[in-house]
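A closer look at the structure
Below, each chain spelled out in residue letters.
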Amino acid sequence: MSNAKLFFTDIILIPHRTDDFIPQLCYETAKFSVFGHYWLVRGRIQGDEHNFQRSLSLKIVLKGKSSMDIEYCFIRDAYSNVDLIPEVHRHSYTAEDSSSDYKEIKLVQPLDLNSLLAEKSIKF
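Description of a nonpolar patch on the surface
A cluster of nonpolar side chains, contributed by Leu6, Phe8 and Ile75, occupies part of the molecular surface with about 340 Å² of accessible area. Relative to the helices and strands, isoleucine 75 resides in the loop between β6 (68-72) and β7 (89-93).

Digging into the pattern of salt bridges
Inspection of every chain in the model, using the stated rule, returns three salt bridges. As a salt-bridge pair, arginine 42 and glutamate 28 come within 2.8 Å of each other at their nearest N and O atoms. Of the two residues, arginine 42 sits in strand β4 (residues 37-46) while glutamate 28 sits in strand β2 (residues 25-28), which places them 14 residues apart along the sequence. Where arginine 76 meets aspartate 83, a salt bridge forms, and the shortest distance between an N and an O atom there is 3.2 Å.

Details of the packing of aromatic side chains
The full count for this structure, using the stated rule, is three aromatic pairs. Measuring from centroid to centroid gives 5.9 Å for tyrosine 72 and phenylalanine 74, while their planes differ by 75 degrees, and the two rings are edge-to-face. The ring of tyrosine 102 carries the charged tip of arginine 44 above its face, separated from the ring centre by 3.9 Å.

What about the pairing of β7?
Burial along β7 is one-sided: His89, His91 and Tyr93 are buried, and none of Arg90 and Ser92, which face the opposite way, are. Both β6 and β7 contribute to a ladder of five bridges, which runs antiparallel. From the neighbouring strand, aspartate 69 faces β7, where its bridge partner is serine 92.

Quick notes on the rules
Residues numbered from 1 in each chain as written. Predicted model: local features only at pLDDT ≥ 70, side-chain atom pairs only at ≥ 80, totals over all residues. Heavy atoms only, no water. Patch = residues over 30% accessible without salt bridge, like charges linked within 9 Å, V, L, I, M, F, W, Y side chains within 5 Å. Areas by Shrake-Rupley, 256 points an atom, 1.4 Å probe, with all protein chains shown as cover. Salt bridge = Lys/Arg side-chain N within 4 Å of Asp/Glu carboxyl O. Helix = DSSP H or I, 4+ residues; strand = E, 2+ residues; numbered from the N terminus. Phe/Tyr/Trp six-rings, centres within 6.5 Å; stacked < 30°, edge-to-face > 60°. Lys NZ or Arg CZ within 6 Å of the ring centre and 35° of its normal. Buried < 20%, exposed > 50% of the residue type's maximum accessible area, 1.4 Å probe, protein only. Pairing = 2+ DSSP bridges.

In structure tokens, the structure reads:
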């Protein structure tokens, strides 16, 4: 892989509630441009505040219709106190499938999720 095919971007996940009968906490970034396309990242929380097995899962959404294969991983922000275990994921985008599956973000200390969720936004 050449350097021309690598891209790093900082993302900020902003919390919001769904319009469901029982609102769920979820996250979303603003659109950003990478490889000449617009993307956004969506996040959701698995479990609830009474469950010690909560986790944060993220997916990448390609805005527009295009076909491409990408590999991606999420790493911690330089100013974050929470350490992540980076994992490389792969997804093949098509005109019919413009969204990856949700991938769990693995934390070195799982209870650090509480400090991430206490912030006004989550930065990667």
